[in-house]
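An overview of the molecular structure
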Amino acid sequence: MKHYPYLIIGGGMTGDAAARAIRAADPSAAVGLISAEPHPPYARPPLSKGLWKGDPESGIWRGTDTLGVDLRLGRKVTAIDAKKRAVTDDQGEVVAYDKLLLATGGTPRRLPFGGNKQIIYYRTYDDYRRLRELANENVKFAVLGGGFIGSEVAAALRIAGREVVMLIPEDGIGARVFPTDLSRYLLTYYREQGVDVRTGDGLAGLRQDGARVVVKTTRGQELPVDVVVAGLGIQPNVELAEQAGVRVDNGIVVDELLRSSVPEIFAAGDVANFFNPALGIRMRVEHEDNANTMGAAAGRAMAGQGTPYTHLPFFYSDLFALGYEAVGELDPRLETTVDWKEPFKEGVIYYLKGENVRGVLLWGIFGKVDDARALIGKPLTTRL
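So, on to the overall build of the protein. From N to C terminus, the protein includes seven helices and 25 strands. Its C-alpha radius of gyration of 22 Å places the protein within 12% of the 21 Å reference for a compact globule of 384 residues. Overall, the protein is about 60 × 60 × 35 Å in size when its C-alpha atoms are taken along their principal axes. Out of the 384 residues in the protein, the part that is buried amounts to 54%. Across the protein, the fraction of contacts at a sequence separation of at least 24, relative to all contacts at a separation of at least 6, is 58%. Entry remark: accessible area of the protein is about 16,300 Å², with carbon and sulfur atoms responsible for 47%. Of the charged side chains in the protein, 46 are positive and 48 negative, and the gap between their average positions amounts to 2 Å.

Here we come to the pattern of salt bridges. Enumeration over the complete set of coordinates arrives at 23 salt bridges. The partner of Glu 222 in a salt bridge is Arg 207, and the shortest N-O contact between them spans 2.9 Å. One end of the pair, Glu 222, is in strand E14 (residues 222–225); the other, Arg 207, is in strand E12 (residues 203–209), with 15 residues separating them in the sequence. Residue Glu 222 is classed as partly exposed on the basis of its relative accessible area, which comes to 42%. With a closest N to O distance of 3.7 Å, Asp 289 and Arg 373 form a salt bridge. Of this pair, Asp 289 sits in helix H6 (residues 288–302) while Arg 373 sits in helix H7 (residues 369–373); the two residues are 84 residues apart in sequence, bridging distant segments of the chain. A single burial state applies to Asp 289 and to Arg 373, both of which are buried. Within the structure, one salt-bridge network assembled from shared partners comprises Asp 70, Arg 72, Arg 75, Asp 89 and Glu 93.

Moving on, we come to the environment of Arg 300. Structurally, the position occupied by Arg 300 is in helix H6. According to the relative accessible area criterion, Arg 300 is partly exposed, its value standing at 34%. In this structure the C-alpha to C-alpha distance between Arg 300 and Ala 18, which are 282 residues apart in sequence, comes to 7.5 Å.

Right, let's get into unusual backbone geometry. Backbone phi values are negative for most residues with the exception of glycine, while trans is the configuration of most peptide bonds. Within the chain, Arg 85 stands out as a residue other than glycine whose phi angle is a positive 55 degrees. Checked against the element boundaries, Arg 85 lands in the loop between strand E4 (77–81) and strand E5 (86–89). Residue Arg 85 is classed as partly exposed on the basis of its relative accessible area, which comes to 30%. Unusually for a residue other than glycine, Leu 258 sits at a positive phi of about 70 degrees. You can see Leu 258 is positioned in the loop between strand E17 (252–253) and strand E18 (265–267).

On to the sheet that holds strand E8 (residues 119–121), then. What the five strands build is an open sheet, ordered E8-E15-E9-E10-E11; its pairing is parallel. Two strands lie at the open edges of the sheet, namely E8 and strand E11 (196–199), each paired on one side alone. In this sheet, neighbouring strand axes are inclined to one another by 20 degrees on average, regardless of whether the strands run parallel or antiparallel. Sheet topology places E8 next to strand E15 (residues 227–230); three bridges connect them, and they run parallel.

Further remarks concern the side chain of Asp 226. Topologically, Asp 226 is positioned in the loop between E14 and E15. Residue Asp 226 is classed as buried on the basis of its relative accessible area of 19%. A distance of 3.2 Å separates polar atoms of two side chains, one belonging to Asp 226 and the other to Arg 212. Once residues lying within four places of it in the same chain are set aside, the contact partners of Asp 226 are Gln 118, Val 139, Lys 140, Arg 212 and Val 213.

Looking now at the environment of Glu 242. Considering the arrangement of structural elements, one finds Glu 242 in helix H5 (residues 239–243). According to the relative accessible area criterion, Glu 242 is partly exposed, its value standing at 49%. Sequence separation between Glu 242 and Val 357 is 115 residues; the distance between their C-alpha atoms is 36 Å.

Moving on, we get to the pairing of strand E23 (residues 335–342). Two elements, E23 and strand E24 (residues 346–353), share seven bridges in a ladder whose sense is antiparallel. Directly across from Glu 342, in E24, lies its bridge partner Glu 346. Connecting E23 to the next strand, E24, in antiparallel fashion are three residues, including Phe 344 with a positive phi near 65 degrees.

Summed over the entire model, instances satisfying the criterion amount to 18 aromatic pairs. A centroid spacing of 6.0 Å and a plane angle of 25 degrees characterise the contact between Tyr 185 and Tyr 189, whose relative ring orientation is stacked. Residue Tyr 185 and its partner Tyr 189 are located together in helix H4 (residues 180–192), separated by four residues, close to a single helical turn. Ring pairing ties together the aromatic residues Tyr 185, Tyr 189, Tyr 190, Phe 320, Trp 340 and Phe 344, which thus form one cluster. Across the ring face of Tyr 316, the terminal group of Lys 49 is positioned such that the distance to the ring centre comes to 4.8 Å.

On to the side chain of Thr 104, then. Structurally, Thr 104 can be placed in the loop between strand E6 (94–102) and strand E7 (106–108). In this structure Thr 104 comes out as buried when scored by relative accessible area, which is 19%. Beyond its immediate stretch of four places on either side in the chain, Thr 104 contacts Ile 9, Asn 237 and Val 271.

We now examine the sheet that holds strand E25 (residues 356–363). Spatially, the five strands line up as an open sheet ordered E21-E22-E25-E24-E23, and their pairing is antiparallel. Strands at the two margins of the open sheet, each flanked by one partner only, are strand E21 (314–319) and E23. Neighbouring strand axes in the sheet, compared pairwise and without regard to direction, differ in orientation by 15 degrees on average. When strand E22 (residues 322–328) meets E25, the two strands line up antiparallel, connected through five bridges. Opposite Gly 328, over in E25, you have Gly 359 as the bridge partner. Strands E21 and E22 of the sheet are contacted by helix H3 (residues 148–159), whose axis makes an angle of about 30 degrees with E21.

Reading the values: rules and limits
- Residues numbered from 1 in each chain as written.
- Predicted model: local features only at pLDDT ≥ 70, side-chain atom pairs only at ≥ 80, totals over all residues.
- Heavy atoms only, no water.
- Helix = DSSP H or I, 4+ residues; strand = E, 2+ residues; numbered from the N terminus.
- Rg over C-alpha atoms; globule rule 2.2 N^0.38 Å.
- Buried < 20%, exposed > 50% of the residue type's maximum accessible area, 1.4 Å probe, protein only.
- Contact = heavy atoms within 4.5 Å.
- Areas by Shrake-Rupley, 256 points an atom, 1.4 Å probe, with all protein chains shown as cover.
- Lys, Arg positive; Asp, Glu negative; His and termini not counted.
- Charge placed at Lys NZ, Arg CZ, Asp CG, Glu CD.
- Salt bridge = Lys/Arg side-chain N within 4 Å of Asp/Glu carboxyl O.
- Pairing = 2+ DSSP bridges.
- Axes fitted to C-alpha atoms, helices over the stretch in contact; angles between N-to-C directions.
- Polar contact = N/O pair within 3.5 Å; in protein donor to acceptor, adjacent residues only side chain to side chain.
- Phe/Tyr/Trp six-rings, centres within 6.5 Å; stacked < 30°, edge-to-face > 60°.
- Lys NZ or Arg CZ within 6 Å of the ring centre and 35° of its normal.

This is the structure we're talking about:
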């Protein structure tokens, strides 16, 4: 039986960051990484951002294979025996560990319409390659959802010159994050870019019509398209944790050192539910900054150099020529205070609960995340 002092399940950015931290803390130790993907770890954000604006694909690879890590790619772990400290993969191989990291990420939410091959659940590098090839053809796309993935993919496809219709159940783009006036501005902005945005409408069904698929909407419309891209969010991959007897509640529950309820099993990234002291709540974050910082923190903790994970992650997005960075709790139901330098082009939006700042949206402003982070949990006496 192969044995690793450190074993990582998950080949995303979190797994790579953990491997780097382990290697820095324990240079000679054997580190194993098992990933269901056939590719070594890569940066995920460029798949819906920079690659569509001309950035080279070569820039996405994290270089995990240069760390002396045993990459076991194209394998899915099917069981964890927490008592024996061993995992079994889908090829029947059993691997033992001393410390285990669950960096299992999430799986895109799927539509209840079976396995239609013209639906792309956008998340992986292979999804990008498939969508990119289709975008080189004169085909029409339907994008479902106006959140992070839906808004970025719709913009990417229009940048590629394709015809795009968006179905958004809410009244604007990013309506679950942005104040109403900004969300509605984005609606107008996307239409100006040539996106056919249908608000207050969703997917009710699909039917095949020759080579095309007809999207039937909740408002009774029928939209013939060639490809449907679903940006419906993800479900955290907690099945292995549950099978191993690890506590799960909106992800894998971890302590300040990112240990699960089973001491030798750690969790980090999209799948981990952690306590953030600045906001005073438990949270689960599905963004790049958290993947990198939390993965590294978990790696250090596994190697005996852990410190409490108190980091408040930031997130960002590119929407055509617009862009933003944000930190904290962005909930349009909170009170908001806006300082526009140029309305809807450049400014700062503060999300408040009582007198205290819960979140900061830096719209068209970059390099101020640390300053914004310092305001979280405090009265708004200083403005950026």
